[in-house]
Amino acid sequence: MPPRYDPQAVEQVLYQGWESAGLFKPCVPNGKEPFTICMPPPNVTGGLHIGHAMFATIEDILTRFHRMRGRPTLWLRGTNHAGIATQLVVQKELTKDGLTRDQLGPENFLKRVCKWKEEKGDYINVQMRRPGASCDWDRSRFTLEERMSAAVAEAFKRLHDQGLIYRGDYMVNWSPTLRTAVSDLEAEFSEENRKLYYFWYPLSDGSGFIPVATTPPEIILGDTALCVNPADERYSQYVGKTVVFQLPDKISHSLEMNTLIESLVPVH
């Protein structure tokens, strides 16, 4: 007997024996209520991290518990294409090769992404097996499979028919690098200490000024209207009035933006 436990020599062989014997497949229906759990599919953007190990451990405990109670038990395994996240990773790889997705073209870029998926997807499967995840690997799914895409379309239509999905006007996050909209989940938010700039717009009737505060001072160049809350006593006097927006004649378009802003905006 070895003097010390060697997981490398024991666990992989043991796991292969379990999988070969079909111990992770649901047993024949026996009158007991089936138990099924779907693994949140990891994104094929690289290797797994500690978060994947945590959820896999919890789900494996649940799966093994119900399996030992004799219930037909299925832990369904899958991977997620994670379109935008995967695209970003592949684009970074292209940058290392001095290429861009525009140079490759849509068809070749898609082939490059699919190749990445095959490489990383297989690596993720190996990683998931190492801690002993008792999935039914023969039923593994990928979110871009035809059946999965059809299920998404079906779910979308049902939600639309129930009035739970509808068209509206909303603020969206735009990625200038990817040149596409991204969800809030894919946006990284951070708090920053910024200067607060005040613009003092003169009222066109000469009765005074109205202050407007902003952190990006360059927006003054695109201002076309001002809005106030008519219920706020501080601003009710301005409702219906107009302000003058005119760049000083002395400012040249050739000036740097920061020089332009400093010439226009007093900082308070």
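Here is what the cut-offs are and how they apply
- Residues numbered from 1 in each chain as written.
- Predicted model: local features only at pLDDT ≥ 70, side-chain atom pairs only at ≥ 80, totals over all residues.
- Heavy atoms only, no water.
- UniProt positions renumbered as here; feature names shortened; annotations may be inferred.
- Helix = DSSP H or I, 4+ residues; strand = E, 2+ residues; numbered from the N terminus.
- Buried < 20%, exposed > 50% of the residue type's maximum accessible area, 1.4 Å probe, protein only.
- pLDDT = per-residue confidence, 0-100.
- Contact = heavy atoms within 4.5 Å.
- Core = buried A, V, L, I, M, F, W, Y, C linked by side-chain atoms within 4.5 Å.
- Polar contact = N/O pair within 3.5 Å; in protein donor to acceptor, adjacent residues only side chain to side chain.
- Patch = residues over 30% accessible without salt bridge, like charges linked within 9 Å, V, L, I, M, F, W, Y side chains within 5 Å.
- Areas by Shrake-Rupley, 256 points an atom, 1.4 Å probe, with all protein chains shown as cover.
- Salt bridge = Lys/Arg side-chain N within 4 Å of Asp/Glu carboxyl O.
- Expected span 1.5 Å × (residues − 1).
- Arc of directions from axis to C-beta.

Looking at an unreviewed UniProt entry, one finds the protein chain named valine--tRNA ligase, with Gracilariopsis chorda as its source organism. For the protein chain, the Catalytic activity (unreviewed entry) comment in UniProt is given as "tRNA(Val) + L-valine + ATP = L-valyl-tRNA(Val) + AMP + diphosphate". Of the protein chain, the UniProt comment under Sequence similarities (unreviewed entry) reads exactly: "Belongs to the class-I aminoacyl-tRNA synthetase family."

Chemist: Account for the environment of valine 90, naming residues and giving values.
Modeler: In this structure, valine 90 sits in helix 3 (residues 83-96). Relative accessible area serves as the criterion here: at 2%, valine 90 is assigned to the buried category. Along the chain, valine 90 and lysine 117 lie 27 residues apart, while their C-alpha atoms are 9.8 Å from each other.

Chemist: Which residues make up the confidence of the model for the protein chain, and what values go with them?
Modeler: Residues of the protein chain with pLDDT of at least 70 account for 90%, and the chain-wide mean is 81. Confidence drops under a pLDDT of 50 for residues 249-268, and excluding neighbours within four residues, the segment shows 21 contacts in the predicted structure.

Chemist: So, the nonpolar core: which residues are in play, and what are the values?
Modeler: Counting residues in hydrophobic clusters, the biggest one holds 15 residues, and the most contacted among them are Met39, Ala56, Trp75, Met128, Ala133, Cys135 and Trp137. For this core, the elements supplying multiple residues, two or more each, are strand 1 (35-38), helix 2 (50-68) and helix 4 (101-129). Sequence-distant contacts of alanine 56, that is, excluding residues within four places in its chain, are made with Trp75 and Met128. Residues Phe199, Tyr201, Leu203 and Ile220 belong to the second largest nonpolar core, which totals 6 residues.

Chemist: Give me the lowdown on the environment of asparagine 229, citing residues and values where you can.
Modeler: Assignment of secondary structure puts asparagine 229 in the loop between strand 8 (209-214) and helix 6 (257-264). For asparagine 229, a relative accessible area of 44% puts it in the partly exposed group. Sequence separation between asparagine 229 and valine 239 is 10 residues; the distance between their C-alpha atoms is 8.6 Å. Separated by 3.0 Å, the side chain of asparagine 229 and the backbone nitrogen of alanine 231 make a polar contact.

Chemist: Now, about a nonpolar patch on the surface: what can you tell me, with residues and values included?
Modeler: A contiguous nonpolar surface patch, about 290 Å² in accessible area, is contributed by Tyr5, Val10 and Leu14. Note that leucine 14 resides in helix 1 (residues 7-20).

Chemist: Give me the lowdown on the side chain of threonine 214, citing residues and values where you can.
Modeler: Note that threonine 214 resides in strand 8. Residue classification places threonine 214 among the buried positions, given a relative accessible area of 9%. Discounting residues that sit within four places of it in the chain, threonine 214 has contacts with Lys195, Leu196, Tyr197, Phe199 and Ile219.

Chemist: Help me get a handle on helix 2, residues and values and all.
Modeler: Between its first and last C-alpha, helix 2 extends 27 Å over 19 residues, near the 27 Å set by a 1.5 Å rise per residue. Where helix 2 is concerned, the buried positions are His52, Phe55, Ala56, Glu59, Asp60, Thr63 and His66. End-on view of helix 2: buried residues confined to an arc of 135°, all on one side of the axis. Summarising the geometry of helix 2, the exposed residues directed more than 90 degrees from the buried face are Ile50, Met54, Ile61 and Met68. Positioned one or two residues after helix 2, glycine 70 has a phi angle of 90°, which is positive.

Chemist: Break down the pattern of salt bridges for me, citing the residues and quoting the values.
Modeler: A complete count under the given rule lists 13 salt bridges for this structure. For glutamate 93, the salt bridge identified is with lysine 96, shortest N-O distance 3.4 Å. Here lysine 96 and glutamate 93 lie together in helix 3, a separation of 3 residues that amounts to about one turn. Among the salt bridges present, the one from lysine 241 reaches aspartate 205, with a minimum N-O distance of 3.6 Å. Of this pair, lysine 241 sits in the loop between strand 8 and helix 6 while aspartate 205 is found in the loop between strand 7 (197-202) and strand 8, placing the two residues 36 residues apart along the sequence. Classification of lysine 241 by relative accessible area gives partly exposed; the value is 40%. Take aspartate 205: its relative accessible area is 47%, and that puts it in the partly exposed class. Bridged by salt links that share partners, the residues Lys25, Asp136, Asp138 and Arg139 form one connected network.

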